[in-house]
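If you want the building blocks of each chain, they are given just below.
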Amino acid sequence: AFTAGAVLLLERVWDEYRNITKKAEYSPMEHFLVSAVTTSALAAATNPLDVIRTRMMTQSLGPSQLYRHPLDCATKIAATEGMGAFFRGVVPRTIAVVPATLVFALVYARARKVVDEHAPPAWGGQGK
């Protein structure tokens, strides 16, 4: 789910980057850097959700259950550990997520270019 969301966001960021730079195409290094920065920011922004999910999934069930639902989990984490607890593990998560998303995004961009070049004009392609 993270990768799919990242690709949707990257599509928008690439379009904006293209509008800002007025380039029809950009280099692989530009593609890599824009993708890395965007994916890193997305990984950091969604880390609180990952913390809540991890806490919910790893808790014991039964009478010793700490959290009843995700909002309860978030409230208890904020009250007992502070807001910083939501960003524990952000660096390892970013290190793990960014390379996989970058590979996916590069393959996706290349596949999209090939499809755009060979798709019939009725589908929005160039029909080569």
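Residues numbered from 1 in each chain as written. Predicted model: local features only at pLDDT ≥ 70, side-chain atom pairs only at ≥ 80, totals over all residues. Heavy atoms only, no water.

Considering the environment of Ile95
- Note that Ile95 resides in helix α4 (residues 90-118).
- Under the relative-accessibility criterion, Ile95 is labelled exposed at 58%.
- Taking C-alpha positions, Ile95 is 15 Å from Ala6, a pair spaced 89 residues apart along the chain. (Helix = DSSP H or I, 4+ residues; strand = E, 2+ residues; numbered from the N terminus. Buried < 20%, exposed > 50% of the residue type's maximum accessible area, 1.4 Å probe, protein only.)

As for the side chain of Asp72
- Examined against the element boundaries, Asp72 turns out to sit in helix α3 (residues 70-81).
- In this structure the side chain of Asp72 is engaged in a polar contact, spanning 2.9 Å, whose partner is the backbone nitrogen of Arg68.
- Contact partners of Asp72, with chain neighbours within four places excluded, come to Leu66 and Tyr67. (Polar contact = N/O pair within 3.5 Å; in protein donor to acceptor, adjacent residues only side chain to side chain. Contact = heavy atoms within 4.5 Å.)

Remarks on α4
- A rise of 1.5 Å per residue sets the reference length of α4, with its 29 residues, at 42 Å; its end C-alpha atoms lie 41 Å apart and thus fit the reference within 8%.
- If you check which residues of α4 are buried, you get Val90, Arg93, Thr94, Val97, Val98, Thr101, Leu102 and Ala105. (Expected span 1.5 Å × (residues − 1).)

Description of the pattern of salt bridges
- In this structure the tally under the stated criterion is eight salt bridges.
- A salt bridge links Arg53 to Asp50; the nearest nitrogen and oxygen atoms lie 2.3 Å apart. Here Arg53 and its partner Asp50 are both found in helix α2 (residues 28-58), three residues apart, which amounts to about one turn of the helix.
- When the shortest N-O distance is used, the salt bridge between Asp72 and Lys76 registers 3.3 Å. Remark: Lys76 and Asp72 occur in helix α3; sequence separation between them is four residues, near one turn of the helix.
- On the accessibility criterion, Lys76 (33% relative accessible area) is partly exposed.
- In this structure, a network of salt bridges that share partners links the residues Asp50, Arg53 and Arg93. (Salt bridge = Lys/Arg side-chain N within 4 Å of Asp/Glu carboxyl O.)

Describing the nonpolar core
- Membership of the largest hydrophobic core is limited to eight residues, which are Val51, Ile52, Tyr67, Cys73, Ala74, Ile77, Ala85 and Phe86.
- If you list the elements that add at least two residues to this core, you get α2 and α3.
- With residues up to four places along the chain from it excluded, the contact list for Ile52 reads Pro70, Cys73, Ala74 and Phe86.
- Counting residues in each nonpolar core, the second largest holds five residues, with Leu10, Trp14, Tyr26 and Ala105 among its members. (Core = buried A, V, L, I, M, F, W, Y, C linked by side-chain atoms within 4.5 Å.)

Quick notes on the packing of α2 against α3
- Look at α2 against α3: their axes get within 10 Å of each other, and the N-to-C directions meet at 105°. The angle between α2 and α3 falls in the class roughly perpendicular. Note on element contacts: α3 touches α2 through Pro70, Cys73, Ala74, Ile77 and Glu81, opposite Val51, Ile52, Arg55 and Met56.
- Looking at the contact of α2 with α3 residue by residue, the classes come out as seven nonpolar, no polar and two charged. (Axes fitted to C-alpha atoms, helices over the stretch in contact; angles between N-to-C directions. Parallel < 35°, antiparallel > 145°, perpendicular 65-115°, else oblique. Nonpolar A, V, L, I, M, F, W, Y, C, P; charged D, E, K, R; others polar.)

Brief notes about the packing of α2 against α4
- It is at 8 Å that the axes of α2 and α4 come closest, and there the two elements cross at 135°. Between α2 and α4, the angle falls in the class oblique. Crossing of α2 over α4 shows right-handed handedness. Contact with α2, carried on its side by His31, Phe32, Ser35, Ala36, Thr39, Ser40, Ala43, Ala44, Thr46, Asn47 and Asp50, involves Val90, Arg93, Thr94, Val97, Val98, Thr101, Leu102, Ala105, Leu106 and Ala109 of α4 and no other residues of that element.
- A breakdown of the residues in the contact of α2 with α4 according to their chemical character gives 11 nonpolar, eight polar and two charged. (Left-handed = near helix turned anticlockwise from the far one by under 90°.)

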